[in-house]
There are 2 protein chains.
Amino acid sequence: MVVLALNFRDGPTSIREIAQREKISPQYLEQIFLDLRKAELVSSVRGARGGYKLARSPSEIKIGDVVRALEGPIAPMECVAEGSEASCCERTQECLTRGVWEKLRDRMNEVLDDITLEDMISSRNINN
Amino acid sequence: MVVLALNFRDGPTSIREIAQREKISPQYLEQIFLDLRKAELVSSVRGARGGYKLARSPSEIKIGDVVRALEGPIAPMECVAEGSEASCCERTQECLTRGVWEKLRDRMNEVLDDITLEDMISSRNINN
DNA sequence: TTTATATCAGAGTAAATTACTCAGATATTT
DNA sequence: AAATATCTGAGTAATTTACTCTGATATAAA
C-alpha cells in the first residue's frame, strides 16, 4: 500500500512490480490485494498494462483500514474483537480482565487510525 | 493474579482453589504459575497448606509485567519486540512500516503498564 | 484476431504456535 | 508415615499462518 501511495499520481501498478521491489512472491501478493480490493481500499485494472491503484488518496487511507482489511478486527483478544463478541467465553459479566483488553483494543485502534498512508510516505512523520 | 490480589492479606492460595473458581484445569494453571514465579511476580509455598501469593502488593504489579511474564515482549510484530530485534528481516533500514509498529508497540506497553492489579480489583477503575 | 499480460478465485499445504495434558519428582504440614 | 502441594520436562491435538498451485477471465497491443 505504501508503494501504491508513492505511485498514486501514475497509472496502476502491477503485482509483479511490487513483488520485485518488496521481495514478496507475486502469488502471495495477489491474495493480499484481493482482500484489499474487497475492502475497497484499492481498485484493479485487468489485462495487459493493468494493476492496482489506491481507491482514494493516501491522506484518506488510514493504516487501521488496511490492517482491518487484511487481518480482521484489531484486538488483543478474540473476546473483545468488534463483531465477534458472541462466540467467546460465557463469563463476560464476571470477567475481571475484560476491561483491560477493551481499553487496549481502543488504544490500538486509535494509534492505527491516527496514521495515514500520506503520513507514512512523507518521511517527516516517520521518525517520531 | 486477580484472585491472588483479592487474597493478598491472607495466606497463600492453592492452585486447586483458583482452578475451581476460574474453571481452568489445575495442570495448566500450574504451568502458568511457574512462569509467574520465574518472573518473581509470585512466590510459592510448598507442601500441605501451601500455594502461591503475590510477591509484592497489588498496587506494585502492573498488568504489563504479568503479560510480559506469560507471553514475552508486548509487540504487534516480532520485528519490533524488544530483545529479539536481531532475528527479524534484514530490511530494517528501508522498512517503511517499522515506524508504525514501533509506535503501536510503545502505546500498547503504556496502556498495560498504566494499570495495576490494585486498579483491577477496585471496581471503580474497571468501568472506564 | 491472436498473443501476451494481468487480475480473479478457490483449494491445498508445511511449519509454527497455542492451549493444553501427563507422569513423576520434591518439599512441607499434620 | 500419609496427605497435600508445588516443581519440571515432555508430549500432543487443533488451529493459525504464510504461503503455493492451478486454472479461469479480462484487456491491451501486435
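Residues numbered from 1 in each chain as written. Chains lettered and ligands numbered in written order. Predicted model: local features only at pLDDT ≥ 70, side-chain atom pairs only at ≥ 80, totals over all residues. Heavy atoms only, no water.

J.: I would appreciate a short explanation of the protein's contact with DNA strand C in the present structure.
T.: With respect to spatial proximity, 21 residues lie near DNA strand C, and among them Glu30(A), Arg37(A), Ser44(A), Tyr52(A) and Ser25(B) are the closest. The sugar and phosphate moieties of DNA strand C supply 70% of its atoms located within 4 Å of the protein. Gln31(A) is positioned with one of its side-chain polar atoms (N or O) 2.9 Å from a base nitrogen of DNA strand C. In the environment of DNA strand C, a base oxygen lies 2.8 Å from a nitrogen or oxygen atom belonging to the side chain of Arg46(B). (Near = heavy atom within 4 Å. Polar contact = N/O pair within 3.5 Å; in protein donor to acceptor, adjacent residues only side chain to side chain.)

J.: Where do I start with the protein's contact with DNA strand D in this structure?
T.: Around DNA strand D sit 21 residues, and of these Ser25(A), Arg46(A), Glu30(B), Ser44(B) and Tyr52(B) come closest. Near the protein, within 4 Å, the atoms of DNA strand D are sugar or phosphate in 68% of cases. Take Arg46(A): an N or O atom from its side chain is 2.8 Å from a base oxygen of DNA strand D. In this structure, a base oxygen belonging to DNA strand D sits 3.1 Å away from a main-chain N or O atom of Ala48(B). Contributing elements (two or more residues each) for the surface near DNA strand D: α3 (26-38) of chain A together with α2 (15-22), α3 (26-38), β1 (42-45) and β2 (51-54) of chain B. In terms of residues, the surface near DNA strand D owes the most to one element, α3(B), which gives four residues. Class assignment for the residues of the surface near DNA strand D results in seven nonpolar, nine polar and five charged. (Helix = DSSP H or I, 4+ residues; strand = E, 2+ residues; numbered from the N terminus. Nonpolar A, V, L, I, M, F, W, Y, C, P; charged D, E, K, R; others polar.)

J.: Whenever I open this one, the packing of aromatic side chains confuses me. Can you help?
T.: Each pair of aromatic rings is reported with the distance of its centres and the angle of its planes. Residues and elements named next belong to chain A. One pass over the structure, following the stated rule, counts two aromatic pairs over all chains. Between Phe33 and Tyr52, the aromatic rings sit 4.6 Å apart at their centres with planes inclined by 15°, giving stacked as the arrangement. Within this pair, whereas Phe33 is found in helix α3, its partner Tyr52 is found in strand β2 (residues 51-54), the two being separated by 19 residues in sequence. Summarising the burial analysis for this pair, Phe33 and Tyr52 share the class buried. (Phe/Tyr/Trp six-rings, centres within 6.5 Å; stacked < 30°, edge-to-face > 60°. Buried < 20%, exposed > 50% of the residue type's maximum accessible area, 1.4 Å probe, protein only.)

J.: Mind showing me how you'd approach the domain arrangement of chain A here?
T.: Many structure descriptions define interface size as the accessible area lost when the parts assemble. All names here are of chain A. On domain assignment, one finds that chain A holds domain 1 (1-55) and domain 2 (60-128). Interface area for domain 1 against domain 2, summed over the two sides, is near 780 Å², with a carbon-plus-sulfur share of 91%. Among the residues domain 1 hides against domain 2, the three largest losses belong to Met1, Val2 and Leu41. Together they make up 48% of the total. Linking domain 1 with domain 2 are zero salt bridges, by the criterion used here. Taken together, the links from domain 1 to domain 2 amount to zero residue pairs in polar contact (both at pLDDT 80 or more). (Domains from an automatic or database assignment. Buried area = accessible area lost by both parts, 1.4 Å probe. Salt bridge = Lys/Arg side-chain N within 4 Å of Asp/Glu carboxyl O.)

J.: Looking at this model, I keep getting lost on the pairing of β1(B). Mind explaining?
T.: When a strand is regular, its side chains alternate between the sheet's two faces. Residue and element names in this part refer to chain B. In terms of strand pairing, β1 meets β2 through four bridges, oriented antiparallel. Residue pairing for β2: Val42 is matched across the bridge by Leu54. In this antiparallel pair of consecutive strands, β1 and β2, the connection spans five residues, and Gly47 shows a positive phi of 85°. (Pairing = 2+ DSSP bridges.)

J.: Explain the interface of chain B and chain A here, please?
T.: On the side of chain A, 20 residues touch chain B, which itself brings 20 residues to the contact. Both faces combined, the contact of chain B with chain A buries some 2,100 Å², and carbon together with sulfur accounts for 76% of it. Counting every contact that joins chain B to chain A gives zero salt bridges. Where chain B packs against chain A, one counts zero residue pairs in polar contact (both at pLDDT 80 or more). (Contact = heavy atoms within 4.5 Å.)

J.: Just checking my understanding: could you explain helix α4 (residues 63-71) of chain B for this structure?
T.: Spacing of three or four residues puts side chains on the same side of an α-helix, whose turn is 3.6 residues. When we look at burial in α4(B), the residues that qualify are Ile63(B), Gly64(B), Asp65(B), Val66(B) and Val67(B). Each element contacted by the buried residues of α4(B) is listed here: α5 (98-113) of chain A together with α3, α5 (98-113) and α6 (117-121) of chain B. Among the residues trailing α4(B), Gly72(B) stands out with phi positive, at a value near 85°.

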